[in-house]
Amino acid sequence: QVQVAESGGGLVQAGGSLRLSCAASGRTFSSYSMGWFRQAPGKEREAVAQVSRSGTSTYDADSVKGRFTIFRGNAKNTLYLQMNNLKPEDTAVYYCAARSSDSGPWDYWGQGTQVTVSS
């Protein structure tokens, strides 16, 4: 079992950058694939990006390609999401998730961190 907790959200102007972190505790971090999701007000939660246990990254949301980078620091048991050139439509609660395989349902979720991008 693993526990995850997000940090790094905040208020930023359009065009700015933020780096989100997701600290994981429990079993071996490298045994889990990790992902970032977000939920904007009035909208369903959407997948943003994920990284496999071997470090292969996939960007699920076309709108973030070229602007967001997901990477994992296994030595620090931490997942990151570097967000550049932020847009107001990126405003959402961002969630970190983990699963013990590279596919299938996400088993472990954090509480989320708010990202607000002002125009």
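Above: the structure in question.
The structure displayed is predicted, hence computed values, not measured ones. (Residues numbered from 1 in each chain as written. Predicted model: local features only at pLDDT ≥ 70, side-chain atom pairs only at ≥ 80, totals over all residues. Heavy atoms only, no water.)

In space, the four strands of this open sheet follow the order β1-β3-β8-β7, with antiparallel pairing throughout. Each of the sheet's edge strands pairs with one partner strand only, and the pair in question is β1 (2-7) and β7 (68-73). Across the sheet, the mean angle separating the axes of adjacent strands is 15° when strand polarity is ignored. As paired elements, β1 and strand β3 (residues 18-26) share six bridges and run antiparallel to each other. Each bridged residue has a counterpart across the sheet, and for A5 the counterpart in β3 is A23. (Pairing = 2+ DSSP bridges. Helix = DSSP H or I, 4+ residues; strand = E, 2+ residues; numbered from the N terminus. Axes fitted to C-alpha atoms, helices over the stretch in contact; angles between N-to-C directions.)

Before going further, it helps to examine the nonpolar core. Of all hydrophobic cores here, the largest spans 29 residues; its most connected members are M34, W36, L79, L81, M83 and Y94. Going through the elements one at a time, β1, β3, β4 (33-39), β5 (46-51), β7, β8 (78-83), β9 (92-99) and β11 (113-118) are the ones with two or more residues in this core. (Core = buried A, V, L, I, M, F, W, Y, C linked by side-chain atoms within 4.5 Å. Buried < 20%, exposed > 50% of the residue type's maximum accessible area, 1.4 Å probe, protein only.)

Our next topic: the pattern of salt bridges. Enumeration over the complete set of coordinates arrives at five salt bridges. The closest approach of N and O atoms between R38 and E46, which form a salt bridge, is 2.6 Å. Residue E46 is classed as partly exposed on the basis of its relative accessible area of 32%. Here D90 makes a salt bridge to R67, at a shortest N to O gap of 2.8 Å. (Salt bridge = Lys/Arg side-chain N within 4 Å of Asp/Glu carboxyl O.)

Let's shift gears to the packing of aromatic side chains. This structure, assessed with the given rule, holds four aromatic pairs. Taken together, a centroid distance of 4.8 Å and an interplanar angle of 55° make the contact between F37 and W109 tilted. One end of the pair, F37, is in strand β4; the other, W109, is in strand β10 (residues 108-109), and 72 residues separate them in sequence. Judged by centre distance (4.9 Å) and plane angle (20°), the rings of F71 and Y80 are stacked. Grouping aromatic residues by their ring pairs yields a cluster made of F37, W106 and W109. Over the ring of W106 we find R99; its NZ or CZ atom is 3.9 Å from the centre of that ring. (Phe/Tyr/Trp six-rings, centres within 6.5 Å; stacked < 30°, edge-to-face > 60°. Lys NZ or Arg CZ within 6 Å of the ring centre and 35° of its normal.)

Counting buried residues along β8, six of its six residues qualify, which places the element largely inside the surrounding structure. Pairing of β3 with β8, which is carried by six bridges, proceeds in the antiparallel orientation. Paired with C22 across the two strands is L79, which belongs to β8. As defined by bridge partners, β7 adjoins β8 across six bridges and the pair is classed as antiparallel. Within β8, the position partnered with G73 by the bridge is T78. Hairpin remark: β7 followed by β8, antiparallel, with four residues in the connecting loop; positive phi at N77, about 50°.

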